[in-house]
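# Topology and contacts: notes
In case you want the letters, here they are:
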Amino acid sequence: MDSLIAKAEAIQPLQKKRKTHHAASSSSSSQKPHVKPPTDHTRNTLIKNTSIPKSLQDTKPLPDDVPSYKHIANKKLRTQLHRQGSQSARAAALLEDAEMLMLEDAGAMEVEGEMDRTWRVGQGEIVGSAGREAGVGRREFRLDGGPYRSRYTRNGRHLAIAGRTGHVSTFDWQTGTVHAELQLQETCRDITFLQDHSYFAVAQKKYVFIYDRDGVELHCLKGHIEPTRLEFLPYHWLLASIGNPGYLKYQDTSTGQLLIEHRTKLGACHTMTQNLHTAVIHLGHPNGRITLWTPNLPHPAVQLLAHVGPVVGVAVDPGSGGRYMASSGRDGTVKVWDCRNWKGAVREWAVRGGGDPEVEWSARGYLGVASGGTVNVYNPPSIHAPFHIRTPPPLYMTHPIPHRPLTSLRFAPFQDILTVGHSAGLSSLLVPGSGEPNFDSREADPYENKKARSEREVKALLDKIQPDMITLDPDMVGNLEPVSKLTTTLSTTSSGKDKSKSKPQPSQRTEIPFARLPRIDRLRVSGKLDDSEGGPGQDEENEDKDGGEGVDEETKKKNREEREKRKMRGKGKSMKRYLRKQRKNVVDPAAIAIRAKLEKQREEKKRAVADAAGRKEEKKPSALDRFKRSK
């Protein structure tokens, strides 16, 4: 048995380190005994009997663009830099291999014959042709608290619903696990998740309430009065609400502070959405206007007249980077707008049926329109192409729903599912090709666990974007500040100990910001100072230069007058501003003295002009002249 164990090189217990005492050397350091480092038998045994699996071994040669550090003399630093460069090159190569899996074609419905149409295919045929896992998304929720509004989490795993009469519920729609179910016994107008499914906000009759996953009430936001619509900005941790008073309010959910509120001055608002790429809030108003709001502007960033009647639906296309917006009005029209110019609707058509049309975009640019008792879906690029005739684009899919009214449309993220809220509950439809099949696990992971969710929440808090960075330009965040236009080029010469003895140095052109220039250079760049007025004593030099051959006295006098005129430009502006701000009906000794001084200066200037012209100024008659003795 002992021979078998020795042959197998079994792991032996670690030996305790023995204390070693160095012998004291009095004569020289060469008498110190040599201590042999202890050997780790466990490590040596593991190295002999273990190896990296072949699937994990990187046998590919390094790319050619790996930098070489042979010029570095330090071996340790050279090895470390070479290792970092190799890892970066391998990561770039693996990323290229991973991009091959990101298929551009996500799939869609296709017909065999030329006379066939995709909108003739019903939900029964789609469910039969789809896979078993995809067919589970076709469901019908029969509920009595309608009409209902729904909202998905960012990863598309959890669903929240809110009925008009007060029925609120959140659940995992894939597994059927119910997280919370409440009967609030009051009007509920909208619902939204916060950073994840752990918290959700409900727009109730009077205020906004925040609940946790188990349905426990956490906060009552009394600053949001009579809310009608809610939106959560995930990268800024802001909860935006609009209500009947017409105030758009931003609540920071990470600090609990009400950041700002904008008065829209357009009455009650029942339509709101956000641009996922810019975090700009889009509002639809009863007078047919659509306004775009940011937290750092007290007025709308964009305001346009979209419809003749009230606006009842607004949605922004996330597939095109937020470039297109769809709006629907009570006048029965649907319009697609280009958010880059706002010069007019790209497409416009009329919908059938009564009621308020609802619009919603999917992740891949499919537009869903619910009007009357029918849900119609249009696919790109037909809805993005400009078309000036009021005809609807080619229809992709249609599905009738007899339960009216249809109150909400929501596409499930990373799924080909469209959830429609109506008076009898919810209906989930399969729309092939509408969902994004490839997800980024760092942004939204449908399969994340509790630990991954907590780490993502901490990282999101650390990467939180400030509200003042919300602009209409989606590429503003992450860019460098543009070069200031007030940057001038000055010629500078290298300084020496004795410029008279040293050889002349060539001048160097340097870029200096306008704010860092000296005052004399700022005046010269802005055009308020001529080079002839560069400093004290320049007038004499200029006069000597002007006094050369070919220049008469009249020209020199004219130049001198022009220089004096430029020097006096803008004089007394601050004094005039001070006098203008003073009240006329208040007797102020300082103001009276200043006015008297200015009047005296004005008279002296007029007298000097008269003397220079050679005419004698007539003295104003006074009442005391009659007492003067006549000669």
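If you're wondering where the values come from, they're calculated on a predicted model, not measured in any experiment.

For the rest of this paragraph, the subject is the overall build of the protein chain. A tally of regular secondary structure across the protein chain gives 11 helices and 30 strands. A burial count over the protein chain gives 34% of its 631 residues as buried. On the protein chain, roughly 41,600 Å² of surface is accessible, and the fraction owed to carbon and sulfur atoms is 52%.

Once that is clear, we can look at the pairing of strand 10 (residues 227-233). Taking burial as the measure, the seven residues of strand 10 include seven buried ones, the bulk of the element. Two strands pair when backbone bridges link them, and strand 10 and strand 11 (residues 238-243) are joined in this way by six bridges, in the antiparallel orientation. Pairing of E231 across the sheet is with A240, part of strand 11.

This part takes up the nonpolar core. Counting residues in each nonpolar core, the largest one holds 27 residues, and the members touching the most others are V375, V377, Y396, M397, L418, V420 and V431. Secondary-structure elements contributing two or more residues to this core are strand 2 (148-152), strand 3 (158-163), strand 24 (374-378), strand 25 (395-400), strand 26 (408-411), strand 27 (417-422) and strand 28 (425-430). Contacts of Y396, omitting those with residues within four sequence positions, involve A108, M109, T118, W119, Y366, V377, Y378, N379, V431 and P432.

Feature annotation in UniProt assigns "repeat: WD" (unreviewed entry) to the following positions: residues 304-338. A helix fraction of 0% and a strand fraction of 57% characterise residues 304-338, whose end C-alpha atoms lie 12 Å from each other.

With that settled, consider the sheet that holds strand 20 (residues 333-338). Ordered in space as 18-19-20-21, the four strands form an open sheet in which the pairing is antiparallel. One side of each edge strand has no neighbouring strand; the edge strands of this open sheet are strand 18 (311-316) and strand 21 (345-350). Across the sheet, the mean angle from the axis of one strand to that of its neighbour is 15 degrees, orientation sign disregarded. Relative to strand 19 (residues 324-329), strand 18 runs antiparallel, the two sharing five bridges. Counterpart to G313 in the pairing with strand 19 is S328.

For the structure on display, the rule yields six aromatic pairs. Judged by centre distance (5.6 Å) and plane angle (20 degrees), the rings of F200 and Y211 are stacked. In this pair, F200 sits in strand 7 (residues 199-204) while Y211 sits in strand 8 (residues 208-212), placing the two residues 11 residues apart along the sequence. One exposure class covers both F200 and Y211, and it is buried. Both rings, one in F439 and one in Y447, keep their centres 6.0 Å apart while their planes meet at 55 degrees; by these two values the pair is tilted. On the accessibility criterion, F439 (32% relative accessible area) is partly exposed. Among the aromatic side chains, those forming a connected cluster through ring pairs are F414, F439 and Y447. R154 extends its terminal NZ or CZ atom over the ring of Y235, reaching a point 5.1 Å from the ring centre.

On the surface, a cluster of nonpolar side chains totalling about 240 Å² of accessible area is made up of Y199, V216 and L218. Tracing the backbone through its elements, the reader meets L218 in strand 9 (residues 217-221). Exposure remark for L218: the relative accessible area of 38% places this residue in the partly exposed category.

So, on to helix 11 (residues 589-613). Over its 25 residues, helix 11 runs 36 Å from end to end, which matches the ideal 36 Å to within 8%, given 1.5 Å per residue. Following helix 11 by one or two positions, G614 adopts a phi angle in the positive range, close to 85 degrees.

For the rest of this paragraph, the subject is the environment of R289. Along the chain, R289 falls in strand 16 (residues 289-293). Sequence separation between R289 and L304 is 15 residues; the distance between their C-alpha atoms is 5.6 Å. When residues no more than four places from it in sequence are discounted, the contact partners of R289 are L283, G284, Q303, L304, L305 and V311.

What follows is about the sheet that holds strand 12 (residues 247-252). Pairing within the open sheet is antiparallel, and its four strands lie in the order 10-11-12-13. Two strands bound the open sheet, and with one partner strand each, they are strand 10 and strand 13 (257-263). Shown here is a sheet whose adjacent strand axes are inclined to one another by a mean of 20 degrees, direction ignored.

What follows is about the pattern of salt bridges. Overall, the coordinates contain 18 salt bridges when judged by the stated rule. Here R151 and E231 are joined by a salt bridge, their closest N and O atoms 3.7 Å apart. Remark: E231 occurs in strand 10 and R151 occurs in strand 2; sequence separation between them is 80 residues. Just as R151 is buried, E231 falls in that class too. Among the ionic pairs, D172 bridges to R157, the shortest N-O distance being 3.3 Å.

The omega angle of the peptide bond from G146 to P147 is 0 degrees, so this bond is cis rather than trans. Of note, P147 is situated in the loop between strand 1 (139-142) and strand 2. In this structure, P405 follows R404 across a cis peptide bond, with omega equal to 0 degrees. You can see P405 is positioned in the loop between strand 25 and strand 26. One non-glycine residue, K265, adopts positive backbone phi at about 65 degrees. Mapping K265 onto the fold places it in the loop between strand 13 and strand 14 (271-274). Relative accessible area serves as the criterion here: at 65%, K265 is assigned to the exposed category. Despite not being glycine, A279 has its phi angle at roughly 60 degrees, a positive value. Structurally, A279 is set in the loop between strand 14 and strand 15 (281-284).

With that out of the way, let us pick up the confidence of the model for the protein chain. Predicted confidence across the protein chain gives a mean pLDDT of 81, with 75% of residues reaching 70 or more. Every residue in residues 533-537 scores below 50 in pLDDT, and together they form seven contacts with partners more than four places removed in sequence or on other chains. When the criterion is pLDDT under 50, residues 543-550 qualifies, and its contacts beyond four places in sequence or with other chains add up to eight contacts.

Note on placement: Q274 falls in strand 14. Side chain to side chain, Q274 and E231 meet in a polar contact 3.2 Å long. Separated by 2.8 Å, the side chain of Q274 and the backbone oxygen of F232 make a polar contact. Aside from chain neighbours lying at most four places away, what touches Q274 is E231, F232, L233, P234, V280, I281 and V316.

Each value, and the rule that gives it
- Residues numbered from 1 in each chain as written.
- Predicted model: local features only at pLDDT ≥ 70, side-chain atom pairs only at ≥ 80, totals over all residues.
- Heavy atoms only, no water.
- Helix = DSSP H or I, 4+ residues; strand = E, 2+ residues; numbered from the N terminus.
- Buried < 20%, exposed > 50% of the residue type's maximum accessible area, 1.4 Å probe, protein only.
- Areas by Shrake-Rupley, 256 points an atom, 1.4 Å probe, with all protein chains shown as cover.
- Pairing = 2+ DSSP bridges.
- Core = buried A, V, L, I, M, F, W, Y, C linked by side-chain atoms within 4.5 Å.
- Contact = heavy atoms within 4.5 Å.
- UniProt positions renumbered as here; feature names shortened; annotations may be inferred.
- Axes fitted to C-alpha atoms, helices over the stretch in contact; angles between N-to-C directions.
- Phe/Tyr/Trp six-rings, centres within 6.5 Å; stacked < 30°, edge-to-face > 60°.
- Lys NZ or Arg CZ within 6 Å of the ring centre and 35° of its normal.
- Patch = residues over 30% accessible without salt bridge, like charges linked within 9 Å, V, L, I, M, F, W, Y side chains within 5 Å.
- Salt bridge = Lys/Arg side-chain N within 4 Å of Asp/Glu carboxyl O.
- Expected span 1.5 Å × (residues − 1).
- pLDDT = per-residue confidence, 0-100.
- Polar contact = N/O pair within 3.5 Å; in protein donor to acceptor, adjacent residues only side chain to side chain.

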